[in-house]
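So you can see what is in the structure, the chains are spelled out below.
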Amino acid sequence: MARTTGGAARPLARPHPDDWYIAVGGLLGGVLLWVPGIHARVPSDELVLWHAVWAPLVPLAVIAACEPLRRIRPRLGLLIGTAALTLDTVTLGSLATVVLYTDLVYAAVLYGTPASARRVPWIAGFLTVLGGVVPAALWRDPRGLLIGVGVGVVALAPAATGALVRDHRDAAESARLRAEQTALLAEMDRTQAVTAERARVARELHDMVANHLSAIAIHSTAALSLDDPKTSRDALAVIRENSVEGLAEMRRLIGILRSSGGDREPSATPTLEGLTALVEGARVNGLDVTLETDHGRVPAPVELAAYRIVQESLTNALKHGADGPVRVSLRQADGSLRVRVTSPYRPGDRPRAPGSGAGLAGMRERATLLGGRFEAGPEAGLWAVRAELPLTEGD
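The protein chain appears in an unreviewed UniProt entry as histidine kinase from Streptomyces cinerochromogenes. The Catalytic activity (unreviewed entry) comment attached to the protein chain in UniProt states, word for word, "ATP + protein L-histidine = ADP + protein N-phospho-L-histidine."

This is the structure we're talking about:
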């Protein structure tokens, strides 16, 4: 069975099985009290207007029929139950009817809308006060306050209990949601950390190995293309030197990855003092390199980034540059380290060694991670690499 709302069909909510058990149990309990003649009032009570013996069964049956609505339509169940309880007050009455009504009040607060959960306790409290004060004032008898006590037991007590249980349930649900959100954020942080670490390792691997492999590729091509024993021996010597250095770099990186320590950088992180050896190696590989440095103390992250940018720039000059001088300049000014590498450049020349273009992306990432700037492109017939790295620590 389906109900259509706004053009969309949705299934009707079904009563919870436990609510059927409550309804049947309450009805049977009321009948068991009615059979031996156990009633809430005596026939001589002035409030009893309907003296038929079977009269209490009518509100009992109505209020029992409201129990299946206690979760799916709690407000409707409470309204009908209130009418049934009112009818019960003019009969001999049944304790089962009163007990079932208290459950409807409790359910209206616990399962109802937030507005109902706020209003029902206030209304019950108002009726409790009214039920005690008015009879006492009209009858001028303090015993009239007992009516208020009865209303409080039947209406205010279950309403307050429902509000208390609902608050605990909502608090538990909020705690569960916060725990799920915390777990989700932790998983997102872990994923981001893994992604960042993979990118860092990829940059290190590329920067450490690309220079040596490019030199190997270029000199092996020269050795194969020239039929000169001396040239071949020189090329093989360079190939061997770059192979050994490349293997050493690979072993160091693998050792870092296998290490269980928490170091974020290699134990033998390159420094700017190593630029001289880096330039000498580039000269051995056939580049005419000039190095100019003018800087003070540089923080380790900036030092590593500058070294890798120079290293990758020399690798690109070896692979893609034309014959001519290569100039490397490092200068400290205005709270930043400025790196500039220029090399001869002729558009249309084919690279002397294959490349994927990851070098420029890696250099840009290094500068961006430090909050700096990176530019690379043609400039007055040269290929220029420019990076500005902020000095985030003391000079």
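One open sheet accounts for 5 strands, arranged 3-4-5-7-6; its pairing is mixed. Here the strands that pair on one side only, and so sit at the sheet edges, are strand 3 (288-294) and strand 6 (373-379). For this sheet, the mean inter-axis angle between neighbouring strands, taken without regard to orientation, is 10°. Here helix 8 (residues 275-284) sits on the sheet and contacts strand 3 and strand 4 (325-333); the angle it forms with strand 3, its principal contact strand, is near 170°.

Where strand 5 (residues 336-344) lies against strand 7 (residues 382-390), 9 bridges are found, and the strand directions are antiparallel. Within the sheet, the bridge partner assigned to L337 lies in strand 7 and is L389.

We now examine the pattern of salt bridges. Per the stated rule, a full pass over the model turns up 15 salt bridges. Salt-bridge contacts for R71 lead to D19; the nearest nitrogen and oxygen are separated by 3.1 Å. A residue pair is termed long-range when its members are at least 10 positions apart, and R71 in the loop between helix 2 (57-66) and helix 3 (74-89) and D19 in helix 1 (residues 17-34) qualify at 52 residues. Salt-bridge contacts for R176 lead to E173; the nearest nitrogen and oxygen are separated by 2.4 Å. Of this pair, R176 and E173 are both found in helix 6 (residues 145-225), 3 residues apart, which corresponds to roughly one turn of the helix. Residue R176 is classed as partly exposed on the basis of its relative accessible area of 37%. Judged by its relative accessible area of 35%, E173 falls in the partly exposed class. Residues participating in the shared-partner salt-bridge network are D19, E67, R70, R71 and D103.

On to the packing of helix 4 (residues 95-111) against helix 5 (residues 114-139), then. Where helix 4 meets helix 5, the closest approach of the two axes is 7 Å, and the angle between their N-to-C directions is 140°. Taken as axis vectors, helix 4 and helix 5 run oblique relative to one another. Of helix 5, the residues touching helix 4 (which contributes V105, A108 and V109) are S116, A117, V120 and P121. A class-by-class count of the residues in the contact of helix 4 with helix 5 yields 6 nonpolar, 1 polar and no charged.

At a minimum axis distance of 8 Å, the contact between helix 1 and helix 4 shows a crossing angle of 155°. Classified by the interaxial angle, the pair formed by helix 1 and helix 4 is roughly antiparallel. Between helix 1 and helix 4 the crossing geometry is right-handed. Here helix 1 contributes I22, G26, G29, G30 and L33 to the contact with helix 4, which in turn contributes L95, A96, L100 and D103. Class assignment of the residues belonging to the contact of helix 1 with helix 4 gives a composition of 5 nonpolar, 3 polar and 1 charged.

Thresholds applied
- Residues numbered from 1 in each chain as written.
- Predicted model: local features only at pLDDT ≥ 70, side-chain atom pairs only at ≥ 80, totals over all residues.
- Heavy atoms only, no water.
- UniProt positions renumbered as here; feature names shortened; annotations may be inferred.
- Pairing = 2+ DSSP bridges.
- Helix = DSSP H or I, 4+ residues; strand = E, 2+ residues; numbered from the N terminus.
- Axes fitted to C-alpha atoms, helices over the stretch in contact; angles between N-to-C directions.
- Contact = heavy atoms within 4.5 Å.
- Salt bridge = Lys/Arg side-chain N within 4 Å of Asp/Glu carboxyl O.
- Buried < 20%, exposed > 50% of the residue type's maximum accessible area, 1.4 Å probe, protein only.
- Parallel < 35°, antiparallel > 145°, perpendicular 65-115°, else oblique.
- Nonpolar A, V, L, I, M, F, W, Y, C, P; charged D, E, K, R; others polar.
- Left-handed = near helix turned anticlockwise from the far one by under 90°.

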